[in-house]
Amino acid sequence: MEIFLCIILMLKCGKDEVKSIAVSQKGGHIVYMNYYREVKEEKINPDQALEIGKKFLEEKGYPNMKETYYMMQSGNIVINYAYMQDDVTVYSDLIKLKIALDNGEILGMELAGYLNCHEERNIDKEIISKEKAKENLNKEIEIMSEGLAIIPTEFLTEILCWEFKGKVDDNEFIVYINAKNGEEEDILMIINTPNGTLTT
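Calculation rules
Residues numbered from 1 in each chain as written. Predicted model: local features only at pLDDT ≥ 70, side-chain atom pairs only at ≥ 80, totals over all residues. Heavy atoms only, no water. Helix = DSSP H or I, 4+ residues; strand = E, 2+ residues; numbered from the N terminus. Contact = heavy atoms within 4.5 Å. Phe/Tyr/Trp six-rings, centres within 6.5 Å; stacked < 30°, edge-to-face > 60°. Buried < 20%, exposed > 50% of the residue type's maximum accessible area, 1.4 Å probe, protein only. Salt bridge = Lys/Arg side-chain N within 4 Å of Asp/Glu carboxyl O. Pairing = 2+ DSSP bridges.

**A closer look at the side chain of glutamine 85**
Okay, so step 1: Inspection of the secondary structure assignment puts glutamine 85 in strand β5 (residues 76–85).
Okay, so step 2: In contact with glutamine 85, not counting residues within four places along its chain, are Val90, Glu119, Glu120, Arg121 and Ile123.

**A word on the packing of aromatic side chains**
The geometry of an aromatic ring pair is captured by two quantities: the separation of the ring centres and the angle between the planes.
Okay, so step 1: Under the defined criterion, the tally for this structure stands at three aromatic pairs.
Okay, so step 2: Ring geometry for tyrosine 83 against tyrosine 114: centres 6.5 Å apart, planes inclined by 80 degrees, an arrangement best described as edge-to-face. Note that tyrosine 83 is positioned in strand β5 and tyrosine 114 in helix α2 (residues 112–117), a separation of 31 residues in sequence.
Okay, so step 3: You can call tyrosine 83 buried: its relative accessible area is 6%.
Okay, so step 4: Relative to tyrosine 176, the ring of tyrosine 91 lies with its centre 6.3 Å away and its plane at 85 degrees, an arrangement referred to as edge-to-face.

**A look at the pattern of salt bridges**
Okay, so step 1: The tally for this structure, following the rule as stated, stands at eight salt bridges.
Okay, so step 2: Across the salt bridge formed by aspartate 93 and arginine 121, the nearest N and O atoms sit 2.6 Å from each other. Pair noted here: aspartate 93 is in strand β6 (residues 88–100) and arginine 121 is in the loop between α2 and α3 (130–134), with a separation of 28 residues, a long-range link. Each member of the pair, aspartate 93 as well as arginine 121, is classed as buried.
Okay, so step 3: Taking the shortest distance from any N to any O, the salt bridge between lysine 134 and glutamate 146 comes out at 3.1 Å. In this pair, lysine 134 is assigned in helix α3 and glutamate 146 in strand β8 (residues 142–152), connecting sequence segments 12 residues apart.
Okay, so step 4: Given the relative accessible area of 28%, lysine 134 is considered partly exposed.

**Notes on the pairing of β8**
Okay, so step 1: Here β6 pairs with β8 via three bridges, running parallel. Within β8, the residue paired with valine 88 across the bridge is leucine 148.
Okay, so step 2: Two elements, β8 and strand β9 (residues 158–168), share 10 bridges in a ladder whose sense is antiparallel. Considered in β9, the bridge of glutamate 146 is made with phenylalanine 164.
Okay, so step 3: The turn joining β8 and β9, which pair antiparallel and follow one another in sequence, is formed by five residues; a positive phi near 60 degrees is taken by leucine 156.

What follows is the structure in structure tokens.
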């Protein structure tokens, strides 16, 4: 994992418009960019914004990114994209985009997670089956989606897990089961709001 040192610039472009950008000293990568301007009318829906963001990332040299969660606020949408490798979602390699909902302009980027962590992983093939992993799930959970994911830990390591998204009654959860030993690694509650999706 590499930590990028940054040069930070702030520019005042108008009465209510401020731009800030952080560029890595090594390689000149944009690590962070934010541009504030007023959005008066929302003309783009979330699905269109997701595609605009994905196309933007592909054009800028960040392919194989999958949208995970988003939140809308003040005429903008902030979208989290995670890297996909061999149908495995790599949550360590995260990019956030802020997109204006009036014209699809990219107003913000946050790439520190991706730049610090991205590499092609040697993904272990000797793992427990999906069915075996399900044995440790709450028997009441109604599974809505499932797949493999690499999740970061507080110790700056990564764990390959089976990721199960499901619901019990009206509550939605994401459960991560270690793909090597079948132990539960993490469980998140999904909070759906009119403006987007959050996890806690």
